[in-house]
Amino acid sequence: MTTGDVRTLTVRAAAKINLHLGVGAVRADGYHPIDTVFHAVSLFDDVTAATGEPGSGPVLTLDGSDHVDLVDVPFDRRNLVHAAATRLAREQQRAPDVRVAVHKSIPVAGGLAGGSADAAATLVALDRLWGLDLEDQDLLRVAADLGSDVPFALLGGTARGTGRGEVLQRVDDRSTWWWVLVTSTHGLSTPAVYRRFDELFPTAPARPTPADRVERAIHSGDPVQLARVLHNDLEPAAFDLRPGLAELVSRGEAAGALRGMVSGSGPTCAFLCADADAARAVCSELRETEPARAGDLGADGAVLVTTGPAPGVHQVAYERR
Ligand code: C5P
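Residues numbered from 1 in each chain as written. Predicted model: local features only at pLDDT ≥ 70, side-chain atom pairs only at ≥ 80, totals over all residues. Heavy atoms only, no water.

### A short note on the site of the ligand
Defined as follows: Any residue with a heavy atom lying within 4 Å of a molecule or strand is counted as near it. We define a polar contact as two N or O atoms separated by no more than 3.5 Å, with the added condition that, inside protein, one atom must be a possible hydrogen donor and the other a possible acceptor, whereas residues neighbouring each other in sequence contribute only through side-chain atom pairs. By the criteria applied, helices consist of DSSP H or I runs no shorter than four residues and strands consist of E runs no shorter than two, each listed in order from the N terminus. The nonpolar class holds Ala, Val, Leu, Ile, Met, Phe, Trp, Tyr, Cys and Pro. Asp, Glu, Lys and Arg form the charged class, and all remaining residues, Gly among them, are polar. Per the annotation, domain bounds derive from an automatic or database assignment of domains.
Taken together, Gly-30, Tyr-31, His-32, Ile-34, Gly-147, Ser-148, Arg-164, Thr-190, Pro-191 and Tyr-194 are the residues near the ligand. In this structure, Ser-148 approaches the ligand through a side-chain N or O atom, which is 2.5 Å from an oxygen atom. Looking at the shell around the ligand element by element, the count peaks at three residues for helix H5 (residues 190-200). Classifying every residue of the shell around the ligand by side-chain character gives four nonpolar, five polar and one charged. Summarising the domain contributions, the shell around the ligand has at least three residues from each of domain 1 (7-171 + 310-320) and domain 2 (177-308).

The structure is reproduced here in structure tokens:
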């Protein structure tokens, strides 16, 4: 395929969970230093980009799977897809005339970096649609300007993240890990969770807890070892802001998960299971019990079986002019 021929193309990006999230004291720029292990899981958003009318700017349309509530998603420049298109066009000194259709399966404000996935997918889609053929380093730099989790969404797999999450190093991860995700239709705001962290831990050390133990457990390939060391410093803040999450974690563990935890800033919870059968069993049990909690967590949240690591942004369809 020559990129010059492409008129419409669809690019897919994965959700992420954090297998370790060490958070240090807030920096002068308002961000928190983190030491994290990002892990992409098999829950994807699709971004379809097509050449737009001259002078139209980025035109965004959105739809979503049943478990995704789009009510709080902005359609304007506050949307990361819009920001990605505008930013890349400005860098390339070209008009940002593009139509972008986003199909969301990653819950909004769920702690799964769905908005970051969409931004990363948009960068790759436009790189191909516009025939830019940018170097990885250039795409990663633009991604980091858009948000702390956007570079990892490009990369996928499993990776250690430091700085504010944008400095990445791949982790050699040859296993297939089985996860049950419990989403909620009511999101949690990432800045609000970080603010609660500051209130709960006013004496947090400047340096975040290192992710070394999780990296070693990943290399072992043993889910029991990994379950023992999963860690999220934002979990107490998410528990505090969303009563019911702690109980959900206990319920998933009682249902047979090796370990449950809040994903990133929440409210999605991720449950590591021993294998595919265990994941399916935990999923069915949580599906039976979850409606009872609808008032707490928002009706119609989904209970999903996923695996990781999932690939980074990749093209899934194209149509020539
Ligand atoms: O980088 P991003 O725009 O995704 O971050 C959103 C918000 O999350 C930041 O404005 C900040 O409040 C918080 N954040 C943080 N420390 C990080 C990443 C995000 O405090 N490492």
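Structure's up, so let's keep going.
### Some remarks on the domain arrangement of the chain
Under the convention used in this document: Whether two residues are in contact is decided by their heavy atoms, any of which lying within 4.5 Å being enough. Here the quantity called buried area is the accessible surface, traced with a 1.4 Å probe, that two parts lose on coming together, added over both. Note on definitions: salt bridges are taken to be side-chain nitrogens of Lys or Arg within 4 Å of carboxyl oxygens of Asp or Glu.
We note that the domain assignment places domain 1 (7-171 + 310-320) and domain 2 (177-308) within the chain. Distance between the C-alpha centres of domain 1 and domain 2: 23 Å. Residue-level contacts link 34 residues of domain 1 with 42 residues of domain 2. In this assembly, domain 1 packs against domain 2 so that about 2,900 Å² is buried in total across both faces, 62% of it on carbon and sulfur atoms. Across the domain 1-domain 2 interface, the total number found is two salt bridges.

### Comments concerning unusual backbone geometry
Put simply, Gly-266 and Pro-267 share a cis peptide bond, and its omega is 5°. Relative to the helices and strands, Pro-267 is located in the loop between strand E9 (259-262) and strand E10 (269-273). Cis geometry is found at the peptide bond from Gly-308 to Pro-309, where omega equals 0°. A positive phi is found at Gln-93, a non-glycine position, where the angle reads about 55°. Here Gln-93 is to be found in the loop between helix H1 (80-92) and strand E4 (98-104). With a phi close to 55°, Asp-133 is a non-glycine residue in the positive phi region.

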